[in-house]
Amino acid sequence: MTSHQTTQTMKPATAAKKLGVYLQATPAEFQEGVVSRSELNALQADPPEWLQELRRNGPHPRPVVAAKLGVSIAGLARGGVTEALTTEQIDALKEEQPGWLRQERAVQAEVRKETVRIKEKQAEQAEKRASRADD
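Residues numbered from 1 in each chain as written. Predicted model: local features only at pLDDT ≥ 70, side-chain atom pairs only at ≥ 80, totals over all residues. Heavy atoms only, no water.

Regarding its fold elements, the protein presents eight helices and two strands. Counting from the amino terminus, helix and strand elements in the protein follow one another as β-α-α-β-α-α-α-α-α-α. Over its C-alpha atoms the protein spans a radius of gyration of 21 Å, topping by over 25% the 14 Å that the globule rule assigns to 135 residues. If you line up the protein on its principal axes, its C-alpha atoms span 60 × 60 × 25 Å. Buried positions account for 26% of the 135 residues belonging to the protein. Across the protein, the fraction of contacts at a sequence separation of at least 24, relative to all contacts at a separation of at least 6, is 57%. (Helix = DSSP H or I, 4+ residues; strand = E, 2+ residues; numbered from the N terminus. Rg over C-alpha atoms; globule rule 2.2 N^0.38 Å. Buried < 20%, exposed > 50% of the residue type's maximum accessible area, 1.4 Å probe, protein only. Contact = heavy atoms within 4.5 Å.)

Here you go:
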């Protein structure tokens, strides 16, 4: 008995997410087809010009916009940013530093600090448990 592998495919939205690009800005043939795992790997290994251009100039999807601005996706929404932004628009926001962006960056910094504190506390507790188990 032989087993034949079926080609793993994904919807264009999933592929765009994995590539870190805004689906609506991709070429029509990308949006209308399905993408195989090997095609996705090829796009990641040797991105065509359209993909390089999207990654460089956008428009970028919200997760990329949030990362470039140093805020959460929820922070973008609270700031009223609901659309995909270009690199130029992101740079303008960084330059302008509106109040909501300063606030959301501060919130994000606190979240990161708290995450570090929790990890350190958990590591400390694990170390105590390990030393008690050795006794």
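Continuing now.
The geometry of helix α5 (residues 62–69) relative to helix α7 (residues 87–96) is characterised by a closest axis approach of 10 Å and an angle of 35 degrees between their N-to-C directions. α5 and α7 meet at a crossing whose hand is right-handed. Between α5 and α7, the residues in contact are Val65, Lys68 and Leu69 and Ile90, Leu93 and Lys94, respectively. Residue composition of the contact of α5 with α7, by class: four nonpolar, no polar and two charged. (Axes fitted to C-alpha atoms, helices over the stretch in contact; angles between N-to-C directions. Left-handed = near helix turned anticlockwise from the far one by under 90°. Nonpolar A, V, L, I, M, F, W, Y, C, P; charged D, E, K, R; others polar.)

Moving on, we get to the packing of aromatic side chains. Counted under the stated rule, the structure contains one aromatic pair. Aromatic side chains Phe30 and Trp50 sit 5.4 Å apart centroid to centroid with 55 degrees between the ring planes, which places their arrangement in the tilted category. Of this pair, Phe30 sits in helix α2 (residues 28–32) while Trp50 sits in helix α4 (residues 49–57), and the two are 20 residues apart along the sequence. (Phe/Tyr/Trp six-rings, centres within 6.5 Å; stacked < 30°, edge-to-face > 60°.)

As a further point, take the nonpolar core. Formed by Met10, Ala15, Ala16, Leu19, Val21, Phe30, Val35, Leu40, Leu43, Leu51 and Leu54, the largest nonpolar core amounts to 11 residues. Elements that contribute at least two residues to this core include exactly α1 (12–19), α3 (37–45) and α4. It is α1 that provides the largest number of residues to this core, a total of three residues. Listed in part, the 10 residues of the second largest apolar core include Leu69, Leu85, Ile90 and Leu93. (Core = buried A, V, L, I, M, F, W, Y, C linked by side-chain atoms within 4.5 Å.)

Time to look at α7. Because each turn of an α-helix spans 3.6 residues, side chains separated by three or four positions end up pointing in the same direction. Restricting attention to buried positions, one finds in α7 the residues Thr87, Ile90 and Leu93. All buried residues of α7 lie within an arc of 120 degrees about the axis, which places them on one face of the element. The exposed set on the far side of α7, more than 90 degrees from its buried face, consists of Glu88, Glu95 and Glu96. Considering only its buried residues, α7 is in contact with α4, α5 and α8 (99–134). (Arc of directions from axis to C-beta.)

In this fold, Ser36 is placed in strand β2 (residues 35–36). Classification of Ser36 by relative accessible area gives buried; the value is 8%. Within the local environment of Ser36, its side chain forms a polar contact with the side chain of Ser38, the two groups lying 3.1 Å apart. Dropping the residues within four chain positions of it, Ser36 is found in contact with Thr7, Gln8 and Thr9. (Polar contact = N/O pair within 3.5 Å; in protein donor to acceptor, adjacent residues only side chain to side chain.)

Here we come to the environment of Glu32. Assignment of secondary structure puts Glu32 in helix α2. For the pair Glu32 and Thr7, spaced 25 residues apart in the sequence, the C-alpha separation amounts to 18 Å.

Scored by pLDDT, the protein comes out at a mean of 89, with 95% of its residues at no less than 70. When the elements of the protein are averaged for pLDDT, strand β1 (residues 9–10) gives the smallest value, 88, and α7 the largest, 94. (pLDDT = per-residue confidence, 0-100.)

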